[in-house]
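So you can see what is in the structure, the chains are spelled out below.
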Amino acid sequence: MASTYPNLLKPLDLGFTELKNRVLMGSMHTGLEDRFWNIHKFARYFAERAEGGVGLMVTGGYSPNLVGQLAPLASTMNNRGTALLHRHVTGAVHEAGGKICMQLLHAGRYGYQPLIVSASATKAPISPFKARALSTKGVERQINDFVSAAKLAKFAGYDGVEVMGSEGYFINQFLCERTNKRTDKWGGPFENRMRLPVEIVRRMREAVGPEFIIIYRLSMLDLVEGGQTWDQVVTLG
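Not measured: the values here are computed from a predicted model.

(A) Spotlight on the overall build of the protein chain. In terms of helices and strands, the protein chain carries eight helices and nine strands. Taken over C-alpha atoms, the radius of gyration comes to 18 Å for the protein chain, in line with the 18 Å a tight globule of 237 residues would show. In terms of its C-alpha atoms, the protein chain occupies a principal-axis envelope of roughly 50 × 45 × 30 Å. Burial statistics for the protein chain: of 237 residues in total, 51% are counted as buried.

Here is the structure:
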């Protein structure tokens, strides 16, 4: 392993912070995210991984608002009270010598609840509900909620956030012609369809400052008709 990946366990200097190695534990939903009374179990779960030596961890997905929830009462980061609870998590991880990012995941039409919204009024095969198409102002509200969630994650002590832009969720729904039938500045040619993730990350960086990790997770392959082409994936990346 050491000869194949000689830099894997070496520190990684990000300029404003240093990761003790290049091992990243990707986002996985544990089932502990959705209920506040599990916060101490959630904290211990990640602290144990930090003790095991992983350099950076990413939590399961937290929605920036109610319409983006995966299901009713699912994990959300939209108020200071919730952010304060998460200091148990970030404190335990930092005490164990690790670093942690919160994944921000807006389900869009994949949500299993009646409030879902998306780029266009479409229904996903995995949800019984049809998504409501957002107005232009509605799109702006979703962007603002992503930014607010990132600021709350920083307040909670997270080292950064991961913006979930892949795997068919809300942002991916704007990127793909299959699910984006809009004719305004958020639809049509790919330059317009990619405006949403670009604006989310740009405004997020302005809000949280330079000393905060922002990961953008993108799909390398959509595997559906009307998905992104490889050139579009490269352009966004």
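(B) Looking closely at unusual backbone geometry. With a phi close to 60°, Glu 167 is a non-glycine residue in the positive phi region. Take Glu 167: it is sitting in the loop between β8 (160-165) and α5 (170-175). The class of Glu 167 is partly exposed, set by a relative accessible area of 43%. Of note in the backbone geometry, Leu 223 takes a positive phi value of approximately 60° without being a glycine.

(C) Seen up close, empty space enclosed by the protein. Counting across every chain of the model gives one cavity of 30 Å³ or more. Around the largest cavity, the lining residues are Gly 61, Tyr 62, Ser 63, Gly 68, Gln 69, Leu 70, Ala 74, Ser 75 and Leu 105.

(D) Just the nonpolar core, in detail. Counting residues in hydrophobic clusters, the biggest one holds 47 residues, and the most contacted among them are Phe 46, Leu 196 and Met 204. Breaking this core down by element, the ones donating at least two residues are α1 (39-51), β4 (56-62), α3 (87-95), β5 (99-104), α4 (136-155), β8, α5 and α7 (195-208). Here this core gets seven residues from one element, more than from any other, and that element is α4. Beyond its immediate sequence surroundings of up to four residues, Leu 196 is in contact with Val 139, Ile 143, Phe 170, Ile 171, Phe 174 and Trp 186. Judged by nonpolar contacts, the second largest core, of six residues, contains Leu 19, Cys 101, Ile 213 and Ile 215.

Reading the values: the criteria
- Along every chain, residues carry numbers that run from 1 in the direction the sequence is written.
- Only residues with pLDDT of at least 70 are given local features in this predicted model, and only at 80 or more are side-chain atom pairs given and counted; all residues enter the totals for whole chains, interfaces and linings.
- Here the side-chain values reflect all heavy atoms present in the structure, with hydrogen atoms and water set aside.
- A helix here means a DSSP run of H or I that spans at least four residues, while a strand means a run of E at least two residues long, and both kinds are numbered starting from the N terminus.
- The size measure is the radius of gyration over C-alpha atoms, and the globule rule it meets is 2.2 Å times the number of residues to the 0.38 power.
- For each residue, the accessible area found with a 1.4 Å probe, counting protein chains only, is set against the maximum for its type, and the residue is called buried under 20%, exposed over 50%, and partly exposed in between.
- Put simply, the grid is 1 Å and covers the protein atoms alone, a cavity is a trapped set of points that fit a 1.4 Å probe, a pocket is an open set with protein on both sides within 12 Å along at least five of seven lines, and lining residues have an atom within 4 Å of a point.
- Grid points are joined across faces, edges and corners, and a volume is the space filled by probe spheres set on the points.
- What is meant by a nonpolar core is a set of buried Ala, Val, Leu, Ile, Met, Phe, Trp, Tyr and Cys residues, joined one to another through side-chain atoms within 4.5 Å.
- Residue contacts are counted whenever heavy atoms from the two residues lie within 4.5 Å of one another.

Purely geometric stuff here, so don't read any function into it on its own.
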